[in-house]
Amino acid sequence: QVQLVESGGGLVQAGGSLRLSCAASGSIFGINGMGWFRQGSGKQRELVALINNSGDTNYADSVKGRFTISRDNAKDTVHLQMNSLKPEDTAVYFCRTVAGGYVFWGQGTRVTVSS
């Protein structure tokens, strides 16, 4: 079992920045990459950014150049730096990882961007 706890969400004006963090605990030795997903109201959950165990990253086109995913292996934490936020970035952001063939999700943290 892997537990994921997100933090850092909140309310910000358009053009502002937020930094999300996700701390992993439990059976973390088998973790195979970590990522951020988001789900807006009435929308499907979508990929935001991924980072694998080698540090390679992948971003959704909608956030490229604005968001940066990073990983602190010593602290088993992944961060998502979000700059130049837009109202359409408003969503609940979820941390996800895969370990031992199972997918684990955090509880989510809400990000609201006002226009």
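The structure reproduced in this document is the subject of the present report. The structure presented is a predicted model; accordingly, all values stated were derived computationally and were not measured.

## A closer look at the overall build of the protein chain
Helix and strand counts for the protein chain come out as 0 helices and 11 strands. Taken from the N to the C terminus, the helices and strands of the protein chain come in the order β-β-β-β-β-β-β-β-β-β-β. Taken against the 2.2 N^0.38 rule, which gives 13 Å for 115 residues, the C-alpha radius of gyration of the protein chain at 13 Å falls within 12% of a compact globule. For the protein chain, the spread of C-alpha atoms along the principal axes amounts to about 40 × 25 × 20 Å. Taking all contacts inside the protein chain whose residues are at least 6 apart in sequence as the whole, residues at least 24 apart take part in 53%. Total accessible area computed for the protein chain in this model is approximately 6,100 Å², and 47% of it derives from carbon and sulfur atoms. Computing the positive centroid from 11 side-chain charges and the negative centroid from 8, the protein chain places the two 3 Å apart.

## Regarding the pairing of strand β7 (residues 67-72)
Pairing analysis gives 6 bridges linking β7 to strand β8 (residues 77-82), with the strands arranged antiparallel. From the neighbouring strand, Thr 68 faces β8, where its bridge partner is Gln 81.

## With respect to the nonpolar core
One finds Trp 36, Leu 80, Met 82 and Tyr 93 to be the most contacted residues of the largest nonpolar core, which totals 30 residues. If you list the elements that add at least two residues to this core, you get β1 (2-7), β3 (18-26), β4 (31-39), β5 (46-51), β7, β8, β9 (91-99) and β11 (109-114).

## Observations concerning the packing of aromatic side chains
Evaluation of the coordinates by the stated rule reveals 2 aromatic pairs. For the ring pair Phe 94 and Trp 105, a centre distance of 6.4 Å and an interplane angle of 90 degrees mean the geometry is edge-to-face. One end of the pair, Phe 94, is in strand β9; the other, Trp 105, is in strand β10 (residues 102-105), and 11 residues separate them in sequence. According to the relative accessible area criterion, Phe 94 is buried, its value standing at 10%. Exposure remark for Trp 105: the relative accessible area of 35% places this residue in the partly exposed category. The structure contains a cluster of three or more aromatic residues connected by ring pairs, namely Phe 37, Phe 94 and Trp 105.

## Thoughts on the state of the cysteines
All chains considered together, the criterion is met by 1 disulfide. In this model, Cys 22 is linked to Cys 95 through a disulfide, with the two sulfur atoms separated by 2.1 Å. Around the S-S axis, the bridge from Cys 22 to Cys 95 shows a dihedral of about -85 degrees and counts as left-handed. Within this pair, whereas Cys 22 is found in strand β3, its partner Cys 95 is found in strand β9, the two being separated by 73 residues in sequence. Overall, Cys 22 belongs to the buried group, its relative accessible area being 0%. Overall, the relative accessible area of 0% leaves Cys 95 in the buried class.

## As for the sheet that holds β1
Taken together, 4 strands build an open sheet; the order of strands is β1-β3-β8-β7 and the sheet is antiparallel. Of all the strands in the sheet, the pair left with one neighbour each is β1 and β7. The sheet shows a mean angle of 15 degrees between the axes of neighbouring strands, direction not considered.

Definitions and limits used
- Residues numbered from 1 in each chain as written.
- Predicted model: local features only at pLDDT ≥ 70, side-chain atom pairs only at ≥ 80, totals over all residues.
- Heavy atoms only, no water.
- Helix = DSSP H or I, 4+ residues; strand = E, 2+ residues; numbered from the N terminus.
- Rg over C-alpha atoms; globule rule 2.2 N^0.38 Å.
- Contact = heavy atoms within 4.5 Å.
- Areas by Shrake-Rupley, 256 points an atom, 1.4 Å probe, with all protein chains shown as cover.
- Lys, Arg positive; Asp, Glu negative; His and termini not counted.
- Charge placed at Lys NZ, Arg CZ, Asp CG, Glu CD.
- Pairing = 2+ DSSP bridges.
- Core = buried A, V, L, I, M, F, W, Y, C linked by side-chain atoms within 4.5 Å.
- Buried < 20%, exposed > 50% of the residue type's maximum accessible area, 1.4 Å probe, protein only.
- Phe/Tyr/Trp six-rings, centres within 6.5 Å; stacked < 30°, edge-to-face > 60°.
- Disulfide = S-S within 2.5 Å.
- Axes fitted to C-alpha atoms, helices over the stretch in contact; angles between N-to-C directions.

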